[in-house]
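Letter by letter, the chains look like this.
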Amino acid sequence: MIRKLILCSTLLCLLTACSFGESQEQETEAQPLTAREAVIQSLPAVEIQLKEITPETLPAEIEKHRGKVVFVDYWATWCPMCLDSFHHLSRWHQEYADKGLVILAINLDEDNESNRKVVKEYLTEQRAPFENFISTVKPDAIRDEKFGIEGSTLPFCQIYNREGELAVTLGNVNPERLYGEVSISDALTKLFTETDSAKKANR
């Protein structure tokens with residue numbers, strides 16, 4: 001009798017554990033996507049081309065896109081704020097590419113084979129649909145100064161108007177020009193509103 005009771009208790013525990021496991025799995029499956037995951041999943045998979053860049057070659061890359069708004073974003077894998085906001089680049093690309101936005105994402109990790117692999121894997125996971133670069137210059141304050149990165153802090157971005165002029169810089173130094181989703185969205189909206197108004201006025 002005792003043996004039967006033990007057997008029944010064991011079976012009951014197993015069934016309960018299975019049910020609990022299934023309910024946990026269902027709960028996990030039912031969890032909604034985060035904003036980042038939703039943006040990434042809305043993008044097609046892309047083959048990442050990681051091009052080389054230096055402060056000296058950046059102006060030519062910007063000049064290639066004269067007539068468009070060029071958004072240069074500086075980031076690194078060691079910068080948590082960069083990674084937290086990286087999916088916004090894809091969202092802005094989706095929203096403004098047809099209106100004439102070009103995004104140049106410049107990675108500032110130390111350039112070596114191992115880091116290039118990590119950077120490409122991250123960009124592939126993010127399905128980054130814009131132009132991607134890695135700086136080949138030794139990471140130091142001189143390099144950052146040449147790129148125009150205020151205070152050598154990341155994240156940092158520069159936005160150029162359709163005439164190739166630097167219109168906006170946003171970073172973590174000047175409290176009136178802080179890098180963030182809202183500040184960048186406002187800057188892009190303003191730039192495209194101004195250029196659309198200018199087009200209508202010239203008609």
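Computed from a prediction, not measured in an experiment: that's the story for all the values here.

(A) Looking closely at the overall build of the protein chain. Of the regular secondary structure elements, the protein chain holds seven helices and six strands. For the protein chain, the succession of helices and strands along the chain, N to C, is α-α-β-α-β-α-β-α-β-α-β-β-α. Per-residue burial over the protein chain gives 37% buried out of 203 residues. Intrachain contacts of the protein chain at a sequence separation of at least 6 include 73% that bridge at least 24 residues. Working note: accessible area of the protein chain is about 12,300 Å², and carbon and sulfur atoms make up 55% of it.

(B) Representation of the sheet that holds strand β6 (residues 166-170). Strand order in the open sheet formed by six strands is β1-β4-β3-β2-β5-β6, with mixed pairing between adjacent strands. Both outer strands of the open sheet, β1 (50-53) and β6, are each paired with one neighbouring strand and no more. On average, each strand axis in the sheet is inclined to that of its neighbour by 25°, with strand direction left out of account. Bridge count for strand β2 (residues 69-75) against strand β5 (residues 156-160) is five bridges, and the pairing is antiparallel. If you follow F71 over to β5, its bridge partner there is I159. Across the sheet, helix α5 (residues 113-126) touches β1, β2, β3 (101-107) and β4 (131-135), and the angle it forms with β1 is around 125°.

(C) Inspection of the packing of aromatic side chains at higher detail. Per the stated rule, a full pass over the model turns up eight aromatic pairs. Considering the side-chain rings of F86 and Y122, the 5.5 Å spacing of their centres and the 70° angle between planes classify their relative orientation as edge-to-face. In this pair, F86 is assigned in helix α4 (residues 80-96) and Y122 in helix α5, connecting sequence segments 36 residues apart. Y122 matches F86 in its accessibility class, with the two residues each being buried.

(D) Molecular detail of the state of the cysteines. One pass over the structure, following the stated rule, counts one disulfide. Disulfide partner of C79: C82, at an S-S distance of 2.4 Å. Every disulfide takes its handedness from the sign of the S-S torsion; for C79 and C82 that torsion is 80°, giving right-handed. Under the relative-accessibility criterion, C79 is labelled buried at 4%.

Each value, and the rule that gives it
- Residues numbered from 1 in each chain as written.
- Predicted model: local features only at pLDDT ≥ 70, side-chain atom pairs only at ≥ 80, totals over all residues.
- Heavy atoms only, no water.
- Helix = DSSP H or I, 4+ residues; strand = E, 2+ residues; numbered from the N terminus.
- Buried < 20%, exposed > 50% of the residue type's maximum accessible area, 1.4 Å probe, protein only.
- Contact = heavy atoms within 4.5 Å.
- Areas by Shrake-Rupley, 256 points an atom, 1.4 Å probe, with all protein chains shown as cover.
- Pairing = 2+ DSSP bridges.
- Axes fitted to C-alpha atoms, helices over the stretch in contact; angles between N-to-C directions.
- Phe/Tyr/Trp six-rings, centres within 6.5 Å; stacked < 30°, edge-to-face > 60°.
- Disulfide = S-S within 2.5 Å.

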